[in-house]
Amino acid sequence: MSVREADVIVVGAGLSGLVAAREVLKAGREPLVLEANDRVGGRILTEEPVPGVFLELGAQWIGDTHHRMAALAAELGIALYQQFEDGDTSYEFGGRVLRGDAFHAAYADDLEHVERVLRELDAMAETVDVAAPWLAPKADEWDRITVGQWYDAQGLSPLGRELIEICTVGILAVPTVEVSLLGLLVNVVTCGVTADLLSESEGGAQTKRFVGGTGQIPQRLADELGERVVLSSPVMSIDVSGDVVTVTCRGGLVATGKQAIVALAPTLAGRIMYDPPLPGVRDQLTQRMPQASAHKSFILYDEPFWRDEGLNAQLISDAGPARMSNDSCMPEETGGPGIILAFLEGENARVEGRWPEEQRQAALREEMARHFGPRAAKPELIVEGGWVEREWTRGCYNANPGPCGWIHFGASLSEPVGPIKWAATETALQWSGYMEGAVDAGERAAREVLADLG
Ligand SMILES: Cc1cc2nc3c(=O)[nH]c(=O)nc-3n(C[C@H](O)[C@H](O)[C@H](O)COP(=O)(O)OP(=O)(O)OC[C@H]3O[C@@H](n4cnc5c(N)ncnc54)[C@H](O)[C@@H]3O)c2cc1C
(Lines give C-alpha, C1' and ligand atoms only; values in the text may rest on other atoms or scores of the structure.)
Protein backbone atom coordinates (compact mmCIF):
# COMPACT_ATOMS: atom_id res chain seq x y z
CA MET A 1 0.00 0.00 0.00
CA SER A 2 1.34 3.46 -0.83
CA VAL A 3 0.05 6.62 0.84
CA ARG A 4 -0.11 10.17 -0.50
CA GLU A 5 -1.28 13.34 1.19
CA ALA A 6 -2.60 16.59 -0.27
CA ASP A 7 -5.03 19.39 0.56
CA VAL A 8 -7.47 18.40 -2.17
CA ILE A 9 -7.87 14.97 -3.76
CA VAL A 10 -9.27 15.25 -7.28
CA VAL A 11 -10.88 12.16 -8.76
CA GLY A 12 -10.55 12.03 -12.55
CA ALA A 13 -7.98 13.62 -14.88
CA GLY A 14 -10.46 14.71 -17.52
CA LEU A 15 -10.49 18.39 -18.41
CA SER A 16 -12.68 19.28 -15.45
CA GLY A 17 -10.50 17.55 -12.86
CA LEU A 18 -7.29 18.94 -14.33
CA VAL A 19 -8.64 22.49 -14.42
CA ALA A 20 -9.87 22.16 -10.83
CA ALA A 21 -6.44 20.90 -9.71
CA ARG A 22 -4.69 23.74 -11.54
CA GLU A 23 -6.90 26.32 -9.80
CA VAL A 24 -6.23 24.73 -6.40
CA LEU A 25 -2.48 24.83 -7.06
CA LYS A 26 -2.64 28.44 -8.28
CA ALA A 27 -4.26 29.34 -4.95
CA GLY A 28 -1.30 27.88 -3.08
CA ARG A 29 -2.91 24.59 -2.03
CA GLU A 30 -1.71 21.11 -2.92
CA PRO A 31 -3.92 19.01 -5.22
CA LEU A 32 -3.49 15.34 -6.04
CA VAL A 33 -5.29 13.97 -9.11
CA LEU A 34 -6.18 10.27 -9.25
CA GLU A 35 -7.00 8.93 -12.71
CA ALA A 36 -8.32 5.44 -13.49
CA ASN A 37 -6.98 5.32 -17.03
CA ASP A 38 -3.37 5.07 -18.19
CA ARG A 39 -3.74 8.48 -19.86
CA VAL A 40 -5.25 11.87 -19.03
CA GLY A 41 -8.04 13.60 -20.98
CA GLY A 42 -11.07 11.36 -20.44
CA ARG A 43 -13.55 12.26 -23.19
CA ILE A 44 -10.77 14.11 -25.04
CA LEU A 45 -8.73 11.66 -27.12
CA THR A 46 -6.62 12.56 -30.16
CA GLU A 47 -5.15 9.83 -32.34
CA GLU A 48 -2.53 10.27 -35.07
CA PRO A 49 -2.91 7.25 -37.40
CA VAL A 50 -0.83 9.00 -40.08
CA PRO A 51 1.95 11.46 -39.10
CA GLY A 52 0.49 14.97 -38.91
CA VAL A 53 -3.12 13.79 -39.21
CA PHE A 54 -4.94 14.28 -35.92
CA LEU A 55 -8.27 12.54 -35.49
CA GLU A 56 -10.42 13.50 -32.53
CA LEU A 57 -12.05 10.34 -31.24
CA GLY A 58 -13.45 12.55 -28.48
CA ALA A 59 -14.02 16.30 -28.29
CA GLN A 60 -13.13 18.20 -31.43
CA TRP A 61 -14.58 21.73 -31.67
CA ILE A 62 -15.17 24.82 -29.68
CA GLY A 63 -17.68 27.54 -30.55
CA ASP A 64 -17.38 31.31 -30.69
CA THR A 65 -18.77 31.74 -27.16
CA HIS A 66 -16.51 29.09 -25.58
CA HIS A 67 -14.42 31.84 -24.02
CA ARG A 68 -12.89 29.73 -21.26
CA MET A 69 -11.60 27.17 -23.77
CA ALA A 70 -10.26 29.83 -26.13
CA ALA A 71 -8.43 31.48 -23.21
CA LEU A 72 -7.06 28.15 -21.98
CA ALA A 73 -5.79 27.23 -25.45
CA ALA A 74 -4.10 30.63 -25.76
CA GLU A 75 -2.51 30.26 -22.32
CA LEU A 76 -1.20 26.81 -23.23
CA GLY A 77 0.11 28.05 -26.58
CA ILE A 78 -2.27 26.02 -28.74
CA ALA A 79 -3.48 27.70 -31.93
CA LEU A 80 -7.01 27.44 -33.33
CA TYR A 81 -8.23 26.99 -36.89
CA GLN A 82 -11.56 27.58 -38.52
CA GLN A 83 -13.95 24.72 -39.32
CA PHE A 84 -14.46 24.42 -43.10
CA GLU A 85 -18.13 25.05 -43.91
CA ASP A 86 -18.22 26.53 -47.43
CA GLY A 87 -20.55 24.82 -49.85
CA ASP A 88 -23.79 22.88 -49.89
CA THR A 89 -25.05 20.36 -47.38
CA SER A 90 -26.46 17.13 -48.82
CA TYR A 91 -29.88 15.94 -47.59
CA GLU A 92 -31.37 12.48 -47.92
CA PHE A 93 -35.01 11.91 -47.06
CA GLY A 94 -37.34 9.22 -48.33
CA GLY A 95 -34.66 7.85 -50.66
CA ARG A 96 -34.14 11.24 -52.37
CA VAL A 97 -30.79 13.04 -52.16
CA LEU A 98 -30.89 16.81 -52.66
CA ARG A 99 -28.29 19.54 -52.26
CA GLY A 100 -28.63 22.81 -50.30
CA ASP A 101 -31.03 25.17 -52.07
CA ALA A 102 -32.84 22.40 -53.94
CA PHE A 103 -33.71 20.76 -50.61
CA HIS A 104 -34.78 24.04 -49.04
CA ALA A 105 -36.97 24.87 -52.06
CA ALA A 106 -38.56 21.42 -52.21
CA TYR A 107 -39.45 21.39 -48.51
CA ALA A 108 -39.92 25.10 -47.73
CA ASP A 109 -43.20 24.61 -45.82
CA ASP A 110 -41.86 21.73 -43.73
CA LEU A 111 -38.76 23.72 -42.84
CA GLU A 112 -40.77 26.81 -41.99
CA HIS A 113 -42.78 24.75 -39.54
CA VAL A 114 -39.60 23.35 -37.95
CA GLU A 115 -38.42 26.95 -37.58
CA ARG A 116 -41.66 27.87 -35.74
CA VAL A 117 -41.15 24.92 -33.37
CA LEU A 118 -37.60 26.10 -32.61
CA ARG A 119 -38.87 29.60 -31.83
CA GLU A 120 -41.48 28.09 -29.50
CA LEU A 121 -38.66 26.24 -27.71
CA ASP A 122 -36.81 29.55 -27.37
CA ALA A 123 -39.81 31.16 -25.72
CA MET A 124 -40.13 28.24 -23.31
CA ALA A 125 -36.38 28.24 -22.56
CA GLU A 126 -36.58 31.89 -21.53
CA THR A 127 -38.59 30.83 -18.47
CA VAL A 128 -35.94 28.32 -17.30
CA ASP A 129 -33.20 29.34 -14.85
CA VAL A 130 -30.32 26.96 -15.46
CA ALA A 131 -29.24 27.14 -11.80
CA ALA A 132 -32.67 25.86 -10.72
CA PRO A 133 -34.63 24.45 -13.67
CA TRP A 134 -37.04 22.72 -11.28
CA LEU A 135 -38.37 26.16 -10.31
CA ALA A 136 -39.48 27.10 -13.85
CA PRO A 137 -43.22 27.88 -13.83
CA LYS A 138 -43.96 24.87 -16.02
CA ALA A 139 -41.12 22.64 -14.79
CA ASP A 140 -43.48 20.00 -13.50
CA GLU A 141 -45.38 19.72 -16.78
CA TRP A 142 -42.28 19.79 -18.98
CA ASP A 143 -40.24 17.30 -16.96
CA ARG A 144 -43.04 14.72 -17.13
CA ILE A 145 -43.08 14.53 -20.91
CA THR A 146 -40.29 13.64 -23.25
CA VAL A 147 -38.91 15.78 -26.05
CA GLY A 148 -40.18 13.12 -28.45
CA GLN A 149 -43.73 13.38 -27.10
CA TRP A 150 -43.66 17.14 -27.39
CA TYR A 151 -42.28 17.05 -30.94
CA ASP A 152 -44.98 14.52 -31.89
CA ALA A 153 -47.64 16.96 -30.70
CA GLN A 154 -46.41 19.84 -32.85
CA GLY A 155 -48.13 18.69 -36.05
CA LEU A 156 -44.87 18.58 -38.01
CA SER A 157 -44.77 16.86 -41.40
CA PRO A 158 -43.02 13.47 -41.43
CA LEU A 159 -39.94 15.17 -42.94
CA GLY A 160 -39.99 18.00 -40.40
CA ARG A 161 -40.37 15.55 -37.52
CA GLU A 162 -37.48 13.40 -38.78
CA LEU A 163 -35.26 16.41 -39.37
CA ILE A 164 -35.79 17.81 -35.88
CA GLU A 165 -35.19 14.33 -34.41
CA ILE A 166 -31.87 13.96 -36.25
CA CYS A 167 -30.68 17.41 -35.20
CA THR A 168 -31.72 16.92 -31.56
CA VAL A 169 -30.08 13.49 -31.39
CA GLY A 170 -27.00 15.23 -32.82
CA ILE A 171 -26.80 17.13 -29.51
CA LEU A 172 -28.18 14.66 -26.96
CA ALA A 173 -26.92 11.40 -28.55
CA VAL A 174 -30.01 9.58 -27.30
CA PRO A 175 -33.46 9.21 -28.90
CA THR A 176 -35.71 12.13 -27.97
CA VAL A 177 -38.06 9.76 -26.12
CA GLU A 178 -35.38 9.34 -23.46
CA VAL A 179 -35.00 12.97 -22.43
CA SER A 180 -37.57 15.21 -20.75
CA LEU A 181 -38.66 18.38 -22.45
CA LEU A 182 -37.32 20.33 -19.47
CA GLY A 183 -33.97 18.57 -19.99
CA LEU A 184 -33.79 19.82 -23.57
CA LEU A 185 -34.65 23.36 -22.46
CA VAL A 186 -31.87 23.18 -19.86
CA ASN A 187 -29.49 22.24 -22.68
CA VAL A 188 -30.60 25.23 -24.72
CA VAL A 189 -30.23 27.60 -21.77
CA THR A 190 -26.84 26.37 -20.53
CA CYS A 191 -25.46 27.00 -24.00
CA GLY A 192 -26.77 30.56 -23.85
CA VAL A 193 -28.05 30.28 -27.39
CA THR A 194 -31.41 29.85 -29.02
CA ALA A 195 -32.86 26.52 -30.01
CA ASP A 196 -30.83 26.97 -33.21
CA LEU A 197 -28.41 24.79 -31.27
CA LEU A 198 -30.59 22.08 -32.75
CA SER A 199 -30.20 23.38 -36.27
CA GLU A 200 -27.63 22.00 -38.64
CA SER A 201 -24.78 24.29 -37.61
CA GLU A 202 -25.14 23.38 -33.92
CA GLY A 203 -25.69 27.01 -32.97
CA GLY A 204 -22.03 27.89 -33.15
CA ALA A 205 -20.70 25.04 -31.00
CA GLN A 206 -18.50 23.78 -33.81
CA THR A 207 -16.65 26.68 -35.33
CA LYS A 208 -13.00 26.14 -34.37
CA ARG A 209 -10.50 23.33 -33.82
CA PHE A 210 -7.11 23.01 -32.19
CA VAL A 211 -4.02 22.87 -34.41
CA GLY A 212 -2.22 19.65 -33.45
CA GLY A 213 -5.23 18.15 -31.68
CA THR A 214 -7.45 18.72 -28.64
CA GLY A 215 -5.47 16.12 -26.70
CA GLN A 216 -2.66 18.62 -26.16
CA ILE A 217 -4.85 20.56 -23.73
CA PRO A 218 -5.24 17.93 -20.99
CA GLN A 219 -1.68 16.73 -21.63
CA ARG A 220 -0.19 20.19 -21.08
CA LEU A 221 -2.33 20.72 -17.97
CA ALA A 222 -1.09 17.38 -16.63
CA ASP A 223 2.51 18.28 -17.48
CA GLU A 224 2.14 21.45 -15.39
CA LEU A 225 0.83 19.39 -12.47
CA GLY A 226 3.65 16.85 -12.82
CA GLU A 227 3.72 14.17 -10.12
CA ARG A 228 0.47 15.50 -8.71
CA VAL A 229 -1.30 13.43 -11.38
CA VAL A 230 -1.32 9.68 -10.76
CA LEU A 231 -2.47 7.42 -13.60
CA SER A 232 -3.88 3.87 -13.54
CA SER A 233 -5.46 4.47 -10.14
CA PRO A 234 -9.22 3.87 -10.25
CA VAL A 235 -10.85 5.34 -7.15
CA MET A 236 -12.95 2.71 -5.43
CA SER A 237 -14.00 4.44 -2.21
CA ILE A 238 -14.13 7.79 -0.47
CA ASP A 239 -14.40 7.86 3.31
CA VAL A 240 -14.95 10.97 5.36
CA SER A 241 -14.03 10.90 9.01
CA GLY A 242 -13.75 14.08 11.02
CA ASP A 243 -11.65 16.52 8.98
CA VAL A 244 -10.01 13.82 6.88
CA VAL A 245 -11.07 12.53 3.48
CA THR A 246 -9.52 9.15 2.62
CA VAL A 247 -9.59 8.05 -1.00
CA THR A 248 -8.69 4.45 -1.80
CA CYS A 249 -7.72 3.25 -5.27
CA ARG A 250 -7.73 -0.18 -6.84
CA GLY A 251 -4.10 -1.28 -6.67
CA GLY A 252 -3.59 -0.06 -3.13
CA LEU A 253 -2.86 3.66 -3.35
CA VAL A 254 -4.49 5.55 -0.46
CA ALA A 255 -4.67 9.34 -0.56
CA THR A 256 -5.72 11.57 2.29
CA GLY A 257 -6.79 15.19 2.14
CA LYS A 258 -9.09 17.79 3.61
CA GLN A 259 -11.37 18.08 0.59
CA ALA A 260 -12.24 16.00 -2.49
CA ILE A 261 -13.45 16.96 -5.94
CA VAL A 262 -15.14 14.16 -7.86
CA ALA A 263 -14.77 15.17 -11.52
CA LEU A 264 -16.66 12.27 -13.12
CA ALA A 265 -19.93 12.02 -15.04
CA PRO A 266 -22.68 11.35 -12.46
CA THR A 267 -23.18 7.67 -13.34
CA LEU A 268 -19.48 6.96 -12.83
CA ALA A 269 -19.39 9.05 -9.65
CA GLY A 270 -22.23 6.84 -8.39
CA ARG A 271 -20.09 3.71 -8.77
CA ILE A 272 -17.65 4.84 -6.07
CA MET A 273 -18.43 3.65 -2.52
CA TYR A 274 -18.89 6.45 -0.02
CA ASP A 275 -18.67 6.20 3.76
CA PRO A 276 -20.79 7.65 5.22
CA PRO A 277 -23.16 6.87 2.33
CA LEU A 278 -24.27 9.77 0.15
CA PRO A 279 -27.70 11.27 0.75
CA GLY A 280 -30.33 9.11 -0.97
CA VAL A 281 -31.39 11.90 -3.30
CA ARG A 282 -27.84 12.25 -4.64
CA ASP A 283 -27.53 8.50 -5.18
CA GLN A 284 -30.90 8.38 -6.94
CA LEU A 285 -29.78 11.20 -9.22
CA THR A 286 -26.73 9.19 -10.26
CA GLN A 287 -29.05 6.27 -11.03
CA ARG A 288 -30.97 8.52 -13.42
CA MET A 289 -28.26 10.13 -15.53
CA PRO A 290 -27.23 7.56 -18.13
CA GLN A 291 -24.32 8.21 -20.45
CA ALA A 292 -25.51 8.77 -24.02
CA SER A 293 -24.29 6.85 -27.09
CA ALA A 294 -22.15 8.22 -29.90
CA HIS A 295 -19.64 6.71 -32.30
CA LYS A 296 -17.36 8.56 -34.70
CA SER A 297 -16.18 7.23 -38.08
CA PHE A 298 -13.39 9.14 -39.83
CA ILE A 299 -13.27 8.40 -43.54
CA LEU A 300 -9.97 9.40 -45.17
CA TYR A 301 -9.42 10.16 -48.88
CA ASP A 302 -6.36 11.33 -50.80
CA GLU A 303 -7.79 14.88 -50.92
CA PRO A 304 -10.96 16.81 -49.97
CA PHE A 305 -12.43 16.39 -53.47
CA TRP A 306 -15.91 17.53 -52.38
CA ARG A 307 -14.72 21.09 -51.87
CA ASP A 308 -14.12 21.51 -55.64
CA GLU A 309 -17.65 20.34 -56.22
CA GLY A 310 -19.15 23.00 -53.96
CA LEU A 311 -19.95 20.58 -51.13
CA ASN A 312 -19.08 21.06 -47.46
CA ALA A 313 -19.07 17.31 -46.60
CA GLN A 314 -22.10 17.80 -44.34
CA LEU A 315 -24.94 15.36 -44.76
CA ILE A 316 -28.26 14.95 -43.02
CA SER A 317 -29.89 11.61 -43.71
CA ASP A 318 -32.91 9.64 -42.58
CA ALA A 319 -31.28 6.45 -43.91
CA GLY A 320 -27.91 6.21 -42.22
CA PRO A 321 -25.94 4.56 -40.90
CA ALA A 322 -24.62 8.08 -40.25
CA ARG A 323 -27.34 10.71 -39.81
CA MET A 324 -24.87 13.57 -40.00
CA SER A 325 -21.33 14.22 -41.16
CA ASN A 326 -18.92 17.05 -41.74
CA ASP A 327 -15.52 18.07 -43.08
CA SER A 328 -12.83 17.07 -40.62
CA CYS A 329 -9.64 18.00 -42.48
CA MET A 330 -6.45 19.46 -41.08
CA PRO A 331 -5.90 23.26 -41.48
CA GLU A 332 -5.91 24.32 -45.15
CA GLU A 333 -2.29 25.54 -45.00
CA THR A 334 -1.19 22.11 -43.70
CA GLY A 335 -2.89 20.24 -46.53
CA GLY A 336 -3.21 16.52 -45.88
CA PRO A 337 -5.92 14.02 -46.71
CA GLY A 338 -9.58 14.69 -47.23
CA ILE A 339 -11.39 13.61 -44.07
CA ILE A 340 -15.13 13.20 -43.60
CA LEU A 341 -16.37 12.58 -40.08
CA ALA A 342 -19.56 10.52 -40.01
CA PHE A 343 -21.55 10.53 -36.75
CA LEU A 344 -23.50 7.55 -35.44
CA GLU A 345 -25.53 8.89 -32.55
CA GLY A 346 -28.29 7.61 -30.29
CA GLU A 347 -29.95 4.56 -31.81
CA ASN A 348 -27.51 4.47 -34.72
CA ALA A 349 -24.61 4.15 -32.28
CA ARG A 350 -26.45 1.38 -30.46
CA VAL A 351 -27.46 -0.55 -33.59
CA GLU A 352 -25.07 0.12 -36.50
CA GLY A 353 -22.32 0.98 -34.00
CA ARG A 354 -22.44 -2.66 -32.86
CA TRP A 355 -22.39 -4.15 -36.35
CA PRO A 356 -19.21 -5.98 -37.37
CA GLU A 357 -16.72 -3.39 -38.58
CA GLU A 358 -16.74 -4.70 -42.16
CA GLN A 359 -20.53 -4.45 -42.46
CA ARG A 360 -20.68 -0.96 -40.96
CA GLN A 361 -17.83 0.37 -43.06
CA ALA A 362 -19.37 -1.03 -46.26
CA ALA A 363 -22.62 0.75 -45.41
CA LEU A 364 -20.73 3.96 -44.66
CA ARG A 365 -18.92 3.81 -48.00
CA GLU A 366 -22.23 3.40 -49.83
CA GLU A 367 -23.73 6.27 -47.89
CA MET A 368 -20.79 8.57 -48.67
CA ALA A 369 -21.15 7.72 -52.37
CA ARG A 370 -24.88 8.59 -52.33
CA HIS A 371 -24.01 12.05 -51.03
CA PHE A 372 -20.60 12.92 -52.35
CA GLY A 373 -20.27 10.87 -55.53
CA PRO A 374 -18.45 7.69 -56.63
CA ARG A 375 -15.01 8.84 -55.37
CA ALA A 376 -16.46 8.78 -51.87
CA ALA A 377 -16.99 5.02 -52.13
CA LYS A 378 -13.24 4.44 -52.18
CA PRO A 379 -11.61 5.86 -49.06
CA GLU A 380 -8.00 5.06 -48.25
CA LEU A 381 -8.64 4.48 -44.56
CA ILE A 382 -11.48 4.44 -42.03
CA VAL A 383 -10.75 5.04 -38.35
CA GLU A 384 -13.59 4.59 -35.87
CA GLY A 385 -14.25 4.90 -32.20
CA GLY A 386 -17.14 4.45 -29.81
CA TRP A 387 -17.14 5.10 -26.08
CA VAL A 388 -19.43 2.52 -24.52
CA GLU A 389 -16.68 -0.10 -24.27
CA ARG A 390 -14.32 2.34 -22.58
CA GLU A 391 -14.50 1.29 -18.96
CA TRP A 392 -13.95 4.74 -17.48
CA THR A 393 -16.42 6.62 -19.69
CA ARG A 394 -19.16 4.15 -20.70
CA GLY A 395 -20.82 6.40 -23.25
CA CYS A 396 -20.93 9.97 -24.49
CA TYR A 397 -21.20 12.81 -25.31
CA ASN A 398 -22.59 13.40 -21.85
CA ALA A 399 -25.50 12.55 -19.57
CA ASN A 400 -28.96 13.98 -19.07
CA PRO A 401 -31.49 13.03 -16.39
CA GLY A 402 -34.50 11.09 -17.67
CA PRO A 403 -38.10 12.30 -17.23
CA CYS A 404 -38.83 13.66 -13.72
CA GLY A 405 -35.08 13.71 -13.09
CA TRP A 406 -34.75 17.48 -12.88
CA ILE A 407 -37.79 18.14 -10.71
CA HIS A 408 -37.14 15.34 -8.22
CA PHE A 409 -33.34 15.06 -8.12
CA GLY A 410 -31.81 18.01 -10.00
CA ALA A 411 -30.97 20.04 -6.91
CA SER A 412 -28.40 17.41 -5.87
CA LEU A 413 -26.42 17.53 -9.12
CA SER A 414 -23.74 19.89 -7.87
CA GLU A 415 -24.72 20.30 -4.21
CA PRO A 416 -21.58 19.51 -2.14
CA VAL A 417 -21.78 16.69 0.40
CA GLY A 418 -19.58 18.03 3.21
CA PRO A 419 -15.99 18.07 1.95
CA ILE A 420 -16.96 16.26 -1.30
CA LYS A 421 -17.55 18.62 -4.24
CA TRP A 422 -18.79 17.66 -7.71
CA ALA A 423 -17.22 18.72 -10.98
CA ALA A 424 -17.44 17.32 -14.59
CA THR A 425 -19.18 18.97 -17.50
CA GLU A 426 -22.60 17.64 -16.49
CA THR A 427 -22.55 19.92 -13.44
CA ALA A 428 -21.75 23.11 -15.37
CA LEU A 429 -24.04 26.09 -15.62
CA GLN A 430 -22.59 27.17 -18.96
CA TRP A 431 -22.16 24.87 -21.94
CA SER A 432 -22.86 21.78 -19.87
CA GLY A 433 -21.92 18.72 -21.93
CA TYR A 434 -19.07 20.48 -23.70
CA MET A 435 -15.40 21.12 -22.87
CA GLU A 436 -16.38 24.68 -21.98
CA GLY A 437 -18.70 23.22 -19.36
CA ALA A 438 -15.95 20.94 -18.02
CA VAL A 439 -13.80 24.04 -17.40
CA ASP A 440 -16.71 25.97 -15.89
CA ALA A 441 -17.46 23.09 -13.49
CA GLY A 442 -13.79 22.55 -12.59
CA GLU A 443 -13.35 26.23 -11.74
CA ARG A 444 -16.52 26.27 -9.64
CA ALA A 445 -15.56 23.13 -7.69
CA ALA A 446 -12.11 24.62 -7.03
CA ARG A 447 -13.73 27.79 -5.66
CA GLU A 448 -15.87 25.64 -3.37
CA VAL A 449 -12.95 23.70 -1.88
CA LEU A 450 -10.83 26.84 -1.53
CA ALA A 451 -13.65 28.59 0.32
CA ASP A 452 -13.89 25.65 2.74
CA LEU A 453 -10.13 25.48 3.19
CA GLY A 454 -10.26 29.15 4.23
C1 LIG B 1 -17.00 11.50 -29.12
C2 LIG B 1 -17.07 12.78 -28.35
C3 LIG B 1 -17.18 13.98 -29.03
C4 LIG B 1 -17.26 15.19 -28.34
N5 LIG B 1 -17.24 16.36 -29.05
C6 LIG B 1 -17.13 17.53 -28.38
C7 LIG B 1 -16.84 18.73 -29.08
O8 LIG B 1 -16.66 18.72 -30.30
N9 LIG B 1 -16.76 19.87 -28.35
C10 LIG B 1 -16.90 19.90 -26.99
O11 LIG B 1 -16.80 20.97 -26.38
N12 LIG B 1 -17.14 18.75 -26.30
C13 LIG B 1 -17.25 17.58 -26.96
N14 LIG B 1 -17.41 16.41 -26.27
C15 LIG B 1 -17.65 16.49 -24.81
C16 LIG B 1 -16.36 16.74 -24.04
O17 LIG B 1 -15.40 15.79 -24.41
C18 LIG B 1 -16.66 16.62 -22.56
O19 LIG B 1 -17.66 17.55 -22.21
C20 LIG B 1 -15.46 16.90 -21.65
O21 LIG B 1 -14.26 16.40 -22.17
C22 LIG B 1 -15.78 16.27 -20.30
O23 LIG B 1 -14.70 16.43 -19.41
P24 LIG B 1 -14.87 15.99 -17.91
O25 LIG B 1 -13.57 16.22 -17.25
O26 LIG B 1 -16.08 16.62 -17.35
O27 LIG B 1 -15.20 14.43 -17.94
P28 LIG B 1 -14.30 13.22 -18.50
O29 LIG B 1 -13.55 13.64 -19.69
O30 LIG B 1 -15.23 12.07 -18.64
O31 LIG B 1 -13.27 12.94 -17.33
C32 LIG B 1 -13.50 12.04 -16.28
C33 LIG B 1 -12.19 11.33 -15.98
O34 LIG B 1 -12.38 10.51 -14.85
C35 LIG B 1 -11.77 9.24 -15.07
N36 LIG B 1 -12.42 8.27 -14.20
C37 LIG B 1 -13.61 7.64 -14.35
N38 LIG B 1 -13.88 6.87 -13.28
C39 LIG B 1 -12.84 7.02 -12.42
C40 LIG B 1 -12.54 6.49 -11.12
N41 LIG B 1 -13.36 5.67 -10.48
N42 LIG B 1 -11.37 6.86 -10.55
C43 LIG B 1 -10.53 7.72 -11.15
N44 LIG B 1 -10.75 8.25 -12.37
C45 LIG B 1 -11.91 7.91 -12.99
C46 LIG B 1 -11.95 9.00 -16.55
O47 LIG B 1 -11.01 8.09 -17.04
C48 LIG B 1 -11.73 10.41 -17.10
O49 LIG B 1 -10.38 10.66 -17.38
C50 LIG B 1 -17.30 15.19 -26.93
C51 LIG B 1 -17.18 13.99 -26.23
C52 LIG B 1 -17.03 12.80 -26.93
C53 LIG B 1 -16.82 11.53 -26.17
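Residues numbered from 1 in each chain as written. Predicted model: local features only at pLDDT ≥ 70, side-chain atom pairs only at ≥ 80, totals over all residues. Heavy atoms only, no water.

1. Brief notes about the pattern of salt bridges
Inference 1: Across all of its chains, the model carries 27 salt bridges by this definition.
Inference 2: The closest approach of N and O atoms between D7 and K258, which form a salt bridge, is 2.8 Å. In this pair, D7 sits in the loop between β1 (3-5) and β2 (8-11) while K258 sits in the loop between β14 (254-257) and β15 (259-262), placing the two residues 251 residues apart along the sequence.
Inference 3: For D7, a relative accessible area of 13% translates into the label buried.
Inference 4: By sharing partners, the salt bridges in this structure join R68, E436, D440 and E443 into a single network. (Salt bridge = Lys/Arg side-chain N within 4 Å of Asp/Glu carboxyl O. Helix = DSSP H or I, 4+ residues; strand = E, 2+ residues; numbered from the N terminus. Buried < 20%, exposed > 50% of the residue type's maximum accessible area, 1.4 Å probe, protein only.)

2. Re the UniProt feature "binding site: FAD" (unreviewed entry) in the chain
Inference 1: Residues given the UniProt feature "binding site: FAD" (unreviewed entry) here are S16, E35, A36, V235 and E426.
Inference 2: With respect to the helices, strands and loops of the structure, E35 is situated in the loop between β3 (31-34) and β4 (46-50).
Inference 3: Contact partners of E35, with chain neighbours within four places excluded, come to G12, A13, G14, V230, L231, S232, S233 and P234.
Inference 4: Its location among the elements puts V235 in strand β12 (residues 235-241).
Inference 5: The exposure class of V235 is buried, given its relative accessible area of 11%.
Inference 6: Beyond its immediate chain neighbours, meaning those up to four positions away, V235 contacts V11, L34, V247, T248, C249 and I272. (UniProt positions renumbered as here; feature names shortened; annotations may be inferred. Contact = heavy atoms within 4.5 Å.)

3. Digging into empty space enclosed by the protein
Inference 1: Across all of its chains, the model carries two cavities of 30 Å³ or more by this definition.
Inference 2: Estimates place the volume of the second largest cavity at around 30 Å³.
Inference 3: V262, L264, P266, A269, R282, L413, W422, A423, A424 and T427 together form the lining of the second largest cavity.
Inference 4: By residue class, the composition of the lining of the second largest cavity is eight nonpolar, one polar and one charged. (1 Å grid on protein atoms, 1.4 Å probe; cavity = no way out; pocket = protein on both sides within 12 Å on 5 of 7 lines; lining within 4 Å. Points joined across faces, edges and corners; volume = space filled by probe spheres on them. Nonpolar A, V, L, I, M, F, W, Y, C, P; charged D, E, K, R; others polar.)

4. A word on the nonpolar core
Inference 1: If you look at the biggest cluster of nonpolar residues, it comprises 68 residues, and the most contacted ones within it are F93, F103, L121, L182, L185, F298 and I316.
Inference 2: Ignoring any residue separated from it by four or fewer positions in sequence, one finds F298 in contact with L55, E56, L57, Q60, S328, I339, I340, L341, L381, I382 and V383.
Inference 3: Counting residues in each nonpolar core, the second largest holds 34 residues, with A73, A222, V229 and A445 among its members. (Core = buried A, V, L, I, M, F, W, Y, C linked by side-chain atoms within 4.5 Å.)

5. Remarks on the site of the ligand
Inference 1: Close to the ligand lie 33 residues; E35, R43, W61, T425 and M435 are nearest.
Inference 2: At 3.1 Å, a backbone N or O of A36 approaches a nitrogen atom of the ligand.
Inference 3: Here an oxygen atom of the ligand and a backbone polar atom of G433 are 3.1 Å apart.
Inference 4: Relative to its free-state accessible area of 1,000 Å², the ligand is covered by the protein chains to the extent of 97%.
Inference 5: Those elements that provide at least two residues to the shell around the ligand are α1 (15-26) and α15 (435-453).
Inference 6: In terms of residue class, the shell around the ligand is made up of 21 nonpolar, ten polar and two charged.
Inference 7: Counting residues domain by domain, the shell around the ligand receives three or more from each of domain 1 (3-42 + 214-288 + 400-453) and domain 2 (46-64 + 74-86 + 206-213 + 291-386). (Near = heavy atom within 4 Å. Polar contact = N/O pair within 3.5 Å; in protein donor to acceptor, adjacent residues only side chain to side chain. Areas by Shrake-Rupley, 256 points an atom, 1.4 Å probe, with all protein chains shown as cover. Domains from an automatic or database assignment.)

6. Looking at the UniProt feature "binding site: substrate" (unreviewed entry) in the chain
Inference 1: According to UniProt, the "binding site: substrate" (unreviewed entry) feature falls on F343.
Inference 2: Of the residues examined, F343 reaches a relative accessible area of 7% and is grouped as buried.
Inference 3: Among all residues touching F343, those that are not within four sequence positions of it are W61, H295, K296, P321, A322, R323, M324, S325, N326 and Y397.

7. What to know about the state of the cysteines
Inference 1: Under the defined criterion, the tally for this structure stands at zero disulfides.
Inference 2: Unpaired in terms of disulfides, C167 finds its nearest cysteine sulfur in C191, a separation of 15 Å.
Inference 3: Among the cysteines around C396, which has no disulfide bond, C191 carries the closest sulfur, lying 16 Å off.
Inference 4: In this structure C396 comes out as buried when scored by relative accessible area, which is 6%. (Disulfide = S-S within 2.5 Å.)

8. So, the domain arrangement of the chain
Inference 1: What the domain assignment reports for the chain is domain 1 (3-42 + 214-288 + 400-453), domain 2 (46-64 + 74-86 + 206-213 + 291-386) and domain 3 (109-198).
Inference 2: Taken over C-alpha atoms, the centre of domain 1 sits 30 Å from the centre of domain 3.
Inference 3: Summed over both partners, the interface of domain 1 with domain 3 comes to about 1,500 Å²; 64% of that surface belongs to carbon and sulfur atoms.
Inference 4: Here domain 1 and domain 3 share zero salt bridges between them.
Inference 5: Connecting domain 1 to domain 3 are seven residue pairs in polar contact (both at pLDDT 80 or more). (Buried area = accessible area lost by both parts, 1.4 Å probe.)

9. A short note on the pairing of strand β13 (residues 244-249)
Regular strands have side chains that alternate between both faces of the sheet.
Inference 1: Side chains V245, V247 and C249 project from β13 onto a buried face, and the interleaved V244, T246 and T248 project onto a face without burial.
Inference 2: Connecting β12 to the antiparallel partner β13 that follows it, the hairpin turn spans two residues, and G242 within it adopts a positive phi of roughly 60°.
Inference 3: Inspection of the sheet shows β13 paired to β14 by four bridges, in the antiparallel sense. In the strand pairing of β14, V247 is matched with A255.
Inference 4: Following β13, the chain reverses through four residues before pairing antiparallel with β14; G251 in that reversal takes a positive phi of roughly 105°. (Pairing = 2+ DSSP bridges.)

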